[in-house]
Amino acid sequence: MVLPFDDSYFMKKALQEAEAAYEKGEVPIGAIIVIQDRIIARAHNLTERLNDVTAHAEMQAITAASNFLGGKYLKGCTLYVTLEPCQMCAGALYWSQISKIVYAAADVERGCRAMGTKLHPKTKIVGGVLEHEAADLLKRFFIQKRNLN
């Protein structure tokens, strides 16, 4: 009998993407999109590399998943992201009709929940999966950034 993967398994994959962003000097946020226990998109922040404020991990993952599926809707998909989506990303996720969002660390100042941003009524949201690992990576990044400046 094959057991389905759990949220922490997929969040570890998103954390690997966040580590890749960290290595490139990007804010270390990673995202993956899964359908039926299969990863169909992997992404991390590319805002510095692309000189594009919209190149958040979630936006990159939405585009990759939509291309993989051949359509704009992500029904039946789950996004795993290491930081709670911002307002912009939550808006894109709303329009994608993604079924579930799982995030690690909450963004108490700019996260979609703090900002009161609505998600699609059918989208489920779960927070706190591997929260400490994601928060520690973000803290390490910003401490290093402050020490370099």
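Cut-offs and rules
Residues numbered from 1 in each chain as written. Predicted model: local features only at pLDDT ≥ 70, side-chain atom pairs only at ≥ 80, totals over all residues. Heavy atoms only, no water. UniProt positions renumbered as here; feature names shortened; annotations may be inferred. 1 Å grid on protein atoms, 1.4 Å probe; cavity = no way out; pocket = protein on both sides within 12 Å on 5 of 7 lines; lining within 4 Å. Helix = DSSP H or I, 4+ residues; strand = E, 2+ residues; numbered from the N terminus. Contact = heavy atoms within 4.5 Å. Pairing = 2+ DSSP bridges. Axes fitted to C-alpha atoms, helices over the stretch in contact; angles between N-to-C directions. Phe/Tyr/Trp six-rings, centres within 6.5 Å; stacked < 30°, edge-to-face > 60°. Buried < 20%, exposed > 50% of the residue type's maximum accessible area, 1.4 Å probe, protein only. Lys NZ or Arg CZ within 6 Å of the ring centre and 35° of its normal. Parallel < 35°, antiparallel > 145°, perpendicular 65-115°, else oblique. Nonpolar A, V, L, I, M, F, W, Y, C, P; charged D, E, K, R; others polar.

**Concerning the UniProt feature "binding site: Zn(2+)" (unreviewed entry) in the chain**
1) Next: UniProt's entry tags His56, Cys86 and Cys89 with the feature "binding site: Zn(2+)" (unreviewed entry), counted in the numbering of this structure. With the annotated positions falling across 34 residues, the maximum pairwise C-alpha distance of 9.3 Å places them together in a single cluster. As for the annotated residues named above, the ones lining the largest pocket are His56 and Cys86.
2) Next: By secondary structure assignment, the location of His56 is in the loop between helix 2 (47–50) and helix 3 (57–69).
3) Next: Among all residues touching His56, those that are not within four sequence positions of it are Asn45, Thr47, Cys86, Met88 and Cys89.
4) Next: In this fold, Cys86 is placed in the loop between strand 3 (77–83) and helix 4 (87–96).

**Details of the sheet that holds strand 2 (residues 38–44)**
By way of backbone hydrogen bonds, the strands of a sheet pair with one another, either parallel or antiparallel.
1) Next: Strands sit in the order 2-1-3-4-5 across an open sheet of five strands; the sheet is mixed. Whereas interior strands pair on both sides, the edge strands pair on one side only; in this sheet they are strand 2 and strand 5 (124–127). Taken pair by pair, the neighbouring strands of this sheet meet at an average axis angle of 15°, ignoring direction.
2) Next: The pairing of strand 1 (residues 30–35) with strand 3 spans five bridges and is antiparallel. When the sheet's bridge partners are listed, Ala31 is paired in strand 3 with Val81.
3) Next: Across the face of the sheet, helix 3 comes into contact with strand 1, strand 2 and strand 3 while running at roughly 145° to strand 2.

**Let's talk about the packing of aromatic side chains**
1) Next: This structure, assessed with the given rule, holds seven aromatic pairs.
2) Next: With a centroid separation of 4.3 Å and 20° between ring planes, the pair formed by Phe5 and Tyr9 is classed as stacked.
3) Next: Taking the relative accessible area as the measure of exposure, Tyr9 reaches 31% and is therefore partly exposed.
4) Next: Aromatic rings pair up to connect Phe5, Tyr9, Phe10 and Tyr80 into one cluster.
5) Next: Between Lys75 and the ring centre of Tyr73, over which it is positioned, the NZ or CZ distance is 5.5 Å.
6) Next: Sitting over the ring of Tyr22, Arg140 keeps its end group 4.9 Å from the ring centre.

**Examining the packing of helix 1 (residues 7–23) against helix 5 (residues 131–148)**
Packed helix pairs are characterised by how far apart their axes lie and by the angle those axes make with each other.
1) Next: The N-to-C vectors of helix 1 and helix 5 enclose an angle of 5°; their axes lie 11 Å apart at closest approach. The angle between helix 1 and helix 5 places the two elements in the roughly parallel class. Mapping the contact onto sequence places Leu15, Ala18, Glu19 and Tyr22 in helix 1 and Glu133, Ala134, Leu137, Arg140, Phe141 and Gln144 in helix 5.
2) Next: Split by residue class, the contact of helix 1 with helix 5 holds six nonpolar, one polar and three charged.

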